[in-house]
Amino acid sequence: MTAEGPAQSRAPVDPQTLSQKRSAPPVPPALAKYLSLEDFEKAAKRHLPKMLHGYLAGGVETDWSLTDNRRAFAEWGFIPRALVDARARSSAVTLFGKDYAAPFGIPPMGSAALLAYRGDIALTQAARAKGIPMIMSASSLIKLEEIAKANPDAWYQAYLPGEPSRIEPLVDRVIAAGFKTFVLTVDVQVSSNRENNIRNGYTIPLKPTFRLFWQGATHPRWAFGTWFKTLQNHGMPHFENMDAGRGPPILSRDLERAFGARDGLSWPHLELIRRRFPGKLLIKGVLHPDDVVRAKEIGVDGFMVSNHGGRQLDGALSGLRMLPEIVSVAGGLPVIYDGGIRRGTDVLKAYALGASFVFVGRPMLCAAAVQGQPGVERAIDLLKEEVHRDLALIGANTMGELGPHFLRRV
């Protein structure tokens, strides 16, 4: 089993590509100190108030699933091939007929603009500049129309209630905005038990307290560079994209109602979206092969295998463990992996296990929080360079050459 198939192809690469990359302009001094994605995560921990960093970095309950996302990668080792001419190698890939400059993208992350100034804009513009996909979240605090304007190739991700009267107008709004890819998240039936958020003082809706004030006061760069700057330039943040109309502000008690009824979402609603949305339709948060088979029969275009970053059902396996099974029943449709990727070697392992593409979340938002769009672009470049180097070290020229023959379970 390999990542190759009708859902994904690899374009031939000009042998001069590598030398052209080496002529890129030098990294600005403010960004040169960041040498890995982990560096951005460490910087974000210092930069953000404890409640926001806990929300970003935490999982749920015992963090078993959060930990398993990294543990799953550690259980595979490489068996590299020697004496392979890798001078013409490329990490470029094609997904849904579109060429991307790197084999990874940026997934949806809610409330990004609370952690980074205009966070969703920074993420989507960096993705556009670097030629990779970005998925905006239904929990964004910036209108989806603004995201589509900043990046016409962005994807939209939805959290939906089991209510056709709310689903249909939202889908129509997404179509009108120009989005061509719709991602339905299917693993958020109810809010998870994120005890770490309660301990750190993070709640939705946000509640003005002395503790909240103190955390902001002791992190002035975030307070003035993100929170007060947002209030001054854009007013109180609202959840803009839950429904066809504007959602409530982040301080509103009506948020619980806006987030409700997701436990009624079921297969007929996916069928409704498929009939109504003319573009690519994916489901995100799938782990069981039988669900893939049923969704394929409904007519979805691809699958995002994920345990929601370990933030929903504690004890849910890492999607990496389920990749081979899901690929075997996907019928050639793209199977995309999301969860725990921090290094280029992680990207290669996911592809070798059958992934058609991968997404990398938390480190990209950390980069946006501490350095804005330039930080995200730096993070993308770092990971892309790791993948490019690792291809040579494993003995391959394209992502499509990767397969389980390069791996051995440790």
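Residues numbered from 1 in each chain as written. Predicted model: local features only at pLDDT ≥ 70, side-chain atom pairs only at ≥ 80, totals over all residues. Heavy atoms only, no water.

Trainee: Explain the pairing of strand β8 (residues 181-185) here, please?
Mentor: As a general feature of sheets, a regular strand has side chains that alternate between the two faces. Buried residues dominate β8, accounting for five of its five residues. Taking every second residue as pointing to the same face, both faces of β8 are buried, with Thr-181, Val-183 and Thr-185 on one and Phe-182 and Leu-184 on the other. As judged from the three bridges shared by strand β7 (residues 155-158) and β8, these two strands associate in the parallel manner. Its bridge partner lying in β8, Gln-157 is registered against Val-183. Chirality of the crossover, the property in question, places the unit of β7, helix α9 (residues 164-177) and β8 among those that are right-handed. Where β8 lies against strand β9 (residues 280-286), five bridges are found, and the strand directions are parallel. Residue pairing across strands places Leu-184 opposite Ile-283, the latter belonging to β9. (Buried < 20%, exposed > 50% of the residue type's maximum accessible area, 1.4 Å probe, protein only. Helix = DSSP H or I, 4+ residues; strand = E, 2+ residues; numbered from the N terminus. Pairing = 2+ DSSP bridges. Right-handed = clockwise from strand over helix to strand, strands pointing away.)

Trainee: Teacher, can you tell me more about the sheet that holds β9 here?
Mentor: Strand pairing in a sheet relies on backbone hydrogen bonds, with the paired strands running either antiparallel or parallel. With parallel pairing, eight strands are arranged side by side in an open sheet as β5-β12-β11-β10-β9-β8-β7-β6. Taken across any chain shown, the strands that pair with only one partner, and hence form the sheet edges, are β5 (104-105) and β6 (135-136). Of the strands in this sheet, β8 and β9 are in contact with helix α14 (residues 267-276), which crosses β9 at around 155°. (Contact = heavy atoms within 4.5 Å. Axes fitted to C-alpha atoms, helices over the stretch in contact; angles between N-to-C directions.)

Trainee: Just checking my understanding: could you explain the packing of helix α5 (residues 64-74) against helix α16 (residues 319-329) for this structure?
Mentor: Relative placement of two packed helices is described by the angle separating their axes and the distance separating the axes. For the pair α5 and α16, interaxial distance at closest approach is 8 Å and the crossing angle is 65°. Residues Asp-68, Asn-69, Arg-71, Ala-72 and Phe-73 of α5 pack against Gly-319, Leu-320 and Arg-321 of α16. Taken together, the residues of the contact of α5 with α16 break down into three nonpolar, two polar and three charged. (Nonpolar A, V, L, I, M, F, W, Y, C, P; charged D, E, K, R; others polar.)

Trainee: Looking at this structure, how should I read the packing of helix α15 (residues 289-298) against α16?
Mentor: In the contact formed by α15 and α16, the axes pass within 9 Å of each other and the chain directions differ by 30°. With respect to α16, the axis of α15 lies roughly parallel. Relative to α16, the crossing made by α15 is right-handed. Judged by residue contacts, Pro-289, Val-292, Val-293 and Lys-296 of α15 engage Met-322, Glu-325, Ile-326 and Val-329 from α16. Split by residue class, the contact of α15 with α16 holds six nonpolar, no polar and two charged. (Parallel < 35°, antiparallel > 145°, perpendicular 65-115°, else oblique. Left-handed = near helix turned anticlockwise from the far one by under 90°.)

Trainee: How should a nonpolar patch on the surface be read in this particular structure?
Mentor: Taken together, the side chains of Phe-210, Phe-213 and Trp-214 present a nonpolar region at the surface, about 430 Å² in accessible area. Among the structural elements, Trp-214 can be located in helix α11 (residues 210-217). (Patch = residues over 30% accessible without salt bridge, like charges linked within 9 Å, V, L, I, M, F, W, Y side chains within 5 Å. Areas by Shrake-Rupley, 256 points an atom, 1.4 Å probe, with all protein chains shown as cover. Salt bridge = Lys/Arg side-chain N within 4 Å of Asp/Glu carboxyl O.)

Trainee: Whenever I open this one, the packing of aromatic side chains confuses me. Can you help?
Mentor: Each aromatic ring pair is characterised by the separation of its centres together with the angle its planes make. In the structure shown here, the tally under the stated rule is 13 aromatic pairs. Relative to Trp-214, the ring of Phe-210 has its centre 6.5 Å away and its plane inclined at 15°; by these criteria the two rings are stacked. A residue pair is termed a helical-turn pair when its members lie 3 or 4 positions apart in one helix, as Phe-210 and Trp-214 do in helix α11 at four residues. With respect to burial, Phe-210 and Trp-214 carry one shared label: exposed. Among the aromatic residues, those joined into a ring-pair cluster are Phe-96, Tyr-100, Trp-155, Phe-357 and Phe-359. In this structure, Lys-229 is placed above the aromatic ring of Tyr-117, and the distance from its NZ or CZ to the ring centre is 4.4 Å. (Phe/Tyr/Trp six-rings, centres within 6.5 Å; stacked < 30°, edge-to-face > 60°. Lys NZ or Arg CZ within 6 Å of the ring centre and 35° of its normal.)

Honestly, it's all geometry; don't read function into it.
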